[in-house]
Amino acid sequence: MTEQKVRIKIKSFDHRLADQAVRQIVDAVERTGAIVVGPVPLPTRIEKFCVIRGPNIDKDSREQFEIRTHKRVIDVLQPSSKTIDALSQLDLASGVEIDIKL
């Protein structure tokens, strides 16, 4: 018999929101009696953009911007139906993307 596993991926532009969502998920899963592995921090994705400041004469003057995407992974071993219900009823902050795979 294969062991069931739920993998939860969390993405956010703000690392504090990601960590707060991880704490809420881990608390909810541990209350149902499932085993939690993680959170495992994945490498932060950094997208850098270089924009010309002025359209005409200031071609050499540029501004640089970056977007950082912080990611975490949590594995839930031996989930029950209570675990799935607890995960679906969580109220997390906006700005946090959660992907749950069974």
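Residues numbered from 1 in each chain as written. Predicted model: local features only at pLDDT ≥ 70, side-chain atom pairs only at ≥ 80, totals over all residues. Heavy atoms only, no water.

**Side note on helix α2 (residues 81-88)**
Definition in use: Between buried and exposed lies partly exposed: a residue is buried under 20% and exposed over 50% of the maximum accessible area for its type, with that area taken using a 1.4 Å probe on protein chains only. Every helix listed is a DSSP run of H or I at least four residues long, and every strand listed is a run of E at least two residues long, numbered separately from the N terminus. Here, the arc refers to the directions that run from the helix axis to the C-beta atoms. In what follows, a contact means two residues having at least one pair of non-hydrogen atoms within 4.5 Å.
Within the span of α2, buried status applies to T83, A86 and L87. Viewed along the axis of α2, the buried residues span an arc of 100°, placing them on a single side of the element. Of the residues in α2, the exposed ones pointing more than 90 degrees away from the buried face are S81, K82 and S88. Along its buried surface, α2 packs onto β1 (5-12), α1 (15-31), β3 (62-77) and β4 (96-101).

**Observations concerning the pattern of salt bridges**
The test is simple: By convention in these notes, a salt bridge is any Lys or Arg side-chain nitrogen within 4 Å of a carboxyl oxygen on Asp or Glu.
Throughout the structure, instances matching the rule amount to five salt bridges. Put simply, R16 and D14 hold a salt bridge, and the shortest N to O gap is 3.5 Å. Accessibility expressed as a relative area gives 24% for D14, which makes it partly exposed.

**A closer look at the pairing of β3**
For a regular strand, the rule is simple: side chains alternate between the two faces of the sheet. Applied cut-off: Each pair of strands is called paired provided DSSP finds at least two bridges between the two strands.
The pairing of β1 with β3 spans eight bridges and is classified as antiparallel. Note on β3: the bridge partner recorded for S12 is H70. Alignment of strand β2 (residues 35-52) against β3, held across 14 bridges, turns out to be antiparallel. Looking at the pairing, V37 lines up with D75 of β3.

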